[in-house]
Amino acid sequence: MKKGLSGLSRRDSIKAAAMAFAAAAIAPRLAFADEKAVAAEIKKLYGDKKMAPGKIKLDVPEIAENGLVVPVNVEVESPMTDADYVKAVHVFADGNPQPGVVSYQFTPACGKASAATRMRLAQTQDVICIAEMSNGDLYSAKANVKVTIGGCGG
């Protein structure tokens, strides 16, 4: 049996390469966040503070044919005055490697609490949005985005 420079036979080298490839393919799937990870991130920011529905318009597609560029538009109802404005908006995804996707900070000078971006979604999952108001109130919205593979469902 012929040995290579590494001291492994050709067959052993191929086996090792196949195992490394399989581990690399499986590892990202194991590292995805879940509902618990998102809840832990939100708890880190706001503790056990109660969140109310409403005030947030979270616009994401129901079906994303390309998970690499999923549009996300967020708008929060607020007069945006010195006395009453949106302080921050946080977007989370419960199926991505990192649960926190993006955070926006607002001031009354913004005039409107809205933002748009594109994000990468690794799989079908929920997108969660939390809005923090200047008086400390919290609002939340959630939407499920189905990510298809090649536009064929998945």
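Provided above is the structure to which this section pertains.
Quick summary incoming for the structure in this document. All figures in this text were calculated on a predicted structure; none of them were measured in a lab.

## Quick notes on the environment of Asp84
- With respect to the element layout, Asp84 can be found in the loop between strand S4 (70–76) and strand S5 (86–93).
- Between the C-alpha atom of Asp84 and that of Asn135, which follows or precedes it by 51 residues, the distance is 7.1 Å.
- Leave out the neighbours within four places in its chain, and Asp84 touches Ser78, Pro79, Met133 and Ser134.

## Considering helix H2 (residues 35–46)
- A rise of 1.5 Å per residue sets the reference length of H2, with its 12 residues, at 16 Å; its end C-alpha atoms lie 16 Å apart and thus fit the reference within 8%.
- All buried positions along H2 are accounted for by Val38, Ile42 and Tyr46. Summarising the axial view, the buried residues of H2 lie within an arc of 50 degrees, below the 170-degree limit, and thus occupy one face. Every exposed residue of H2 that faces more than 90 degrees away from the buried side is listed here: Lys36 and Lys44.
- Contacts made by the buried residues of H2 are with strand S1 (51–53), S5, strand S8 (125–133) and strand S9 (138–147).

Cut-off values and rules
- Residues numbered from 1 in each chain as written.
- Predicted model: local features only at pLDDT ≥ 70, side-chain atom pairs only at ≥ 80, totals over all residues.
- Heavy atoms only, no water.
- Helix = DSSP H or I, 4+ residues; strand = E, 2+ residues; numbered from the N terminus.
- Contact = heavy atoms within 4.5 Å.
- Expected span 1.5 Å × (residues − 1).
- Buried < 20%, exposed > 50% of the residue type's maximum accessible area, 1.4 Å probe, protein only.
- Arc of directions from axis to C-beta.

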